[in-house]
Amino acid sequence: MQIPDTNYGAITVTCKDSLTNSGTNSAPEFRDYQLMEAGGGHLEVVHAHPDIFDLDNDALKDLLCGNENGYIYFFKNSGTNQTPFFEAVYETLMTVDSVFIDGYTNSRVHFCDWTDDGDLDIILGGQDGYVWLCENATITGIKEFQDPGISPPSFHLMSNPVTNIAHFQCTIQRPTWARLALYSIAGVCIDILPLVYLDTGLHLLEWQVSDNLGTGIYIAVLAIEGSSHTTKVLVIR
């Protein structure tokens, strides 16, 4: 299981609500509700089956949502755990062979370390009554770069500021899947590059700056199996 290329688009029907506990865990009191949001608007998914997990290992709770079409939507939290902000641009989870993880109809999703190897696997159910196990395909999951003698990957911008194309350099200690994403200084995702597989060694990554972006500071995040690395990008127009 890997986080795939991004699917851009709005989700457009049937809302789900959020109840907040104003009591305690031993004596909960649910007195009100609010509509959950993504990208500043109401988060709407047909036959939504939500759950909360830190899927990208950035210490922030993300929203994973099964739905009527059987797929699993991933809404990244770019806020905080106390005040989460879920992106309007979502991702549909797929396998390393670029096949959508699919419960066929009304998918019900749960994450746990089923194989006890340090990363989250998917337990998936659907309307057909079967239960599926989707094992996480990362090499060693969250503990990937905690082994003695393994240095974290390096990641930096080769020249700054940039106008049209930003060139990044990263050095990988072992083969891995990687994804480059760009955020505004306010934490809003503005672009996500396709998931790529990088061999050990030096790599160059490019980000084509959209003509719609104005002068300002942006944050580049390189996500690599259980870790993320950031650098600032100054765009001049």
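Residues numbered from 1 in each chain as written. Predicted model: local features only at pLDDT ≥ 70, side-chain atom pairs only at ≥ 80, totals over all residues. Heavy atoms only, no water.

**Q** Please explain the overall build of the protein as it appears in this structure.
**A** From N to C terminus, the protein includes zero helices and 20 strands. In the protein, buried positions account for 40% of the 237 residues. (Helix = DSSP H or I, 4+ residues; strand = E, 2+ residues; numbered from the N terminus. Buried < 20%, exposed > 50% of the residue type's maximum accessible area, 1.4 Å probe, protein only.)

**Q** Help me understand the packing of aromatic side chains, please; the structure alone is not making it clear to me.
**A** Geometry of an aromatic ring pair is reported as the spacing of the ring centres plus the angle between the planes. In total, this model carries nine aromatic pairs according to the counting rule given. Between tyrosine 71 and phenylalanine 100, the ring centres sit 4.9 Å apart and the planes meet at 35°, which makes this aromatic pair tilted. Here the residue tyrosine 71 occupies a position in the loop between strand S7 (62–66) and strand S8 (72–75), and phenylalanine 100 occupies one in the loop between strand S9 (90–92) and strand S10 (108–112), the gap between them amounting to 29 residues. Following the ring pairs from residue to residue traces out a cluster consisting of Tyr73, Phe75 and Tyr90. (Phe/Tyr/Trp six-rings, centres within 6.5 Å; stacked < 30°, edge-to-face > 60°.)

**Q** Can you help me understand the side chain of serine 184 in this one?
**A** Topologically, serine 184 is positioned in strand S15 (residues 176–184). In this structure serine 184 comes out as buried when scored by relative accessible area, which is 18%. If sequence neighbours within four positions are ignored, serine 184 has contacts with Ile190, Tyr218 and Ile219. (Contact = heavy atoms within 4.5 Å.)

**Q** I tried to follow the sheet that holds strand S12 (residues 131–134) on my own but got confused; where do I start?
**A** Picture the strands of a sheet paired through backbone hydrogen bonds; they go either parallel or antiparallel. Read across the sheet, three strands follow the order S10-S11-S12 without closing on themselves; strand pairing throughout is antiparallel. Both edges of this open sheet fall to S10 and S12, since each of them pairs with a single strand only. Each neighbouring strand pair of the sheet contributes to a mean axis angle of 20°, computed without reference to strand direction. (Pairing = 2+ DSSP bridges. Axes fitted to C-alpha atoms, helices over the stretch in contact; angles between N-to-C directions.)

**Q** What is the right way to read the confidence of the model for the protein from this model?
**A** As a note on interpretation, predicted positions should not be read in detail where pLDDT is low. Summary statistics for the protein give a mean pLDDT of 77 and a share of 81% for residues scoring 70 or more. Across the protein, the element-wise mean pLDDT spans from 36 in strand S1 (residues 6–7) up to 93 in strand S18 (residues 201–208). Of the regions scoring below 50 in pLDDT, residues 1–17 engages in 67 contacts with residues more than four places distant in sequence or in other chains. Counted against residues more than four places away or in other chains, residues 139–151, with its pLDDT under 50, gives 25 contacts. (pLDDT = per-residue confidence, 0-100.)

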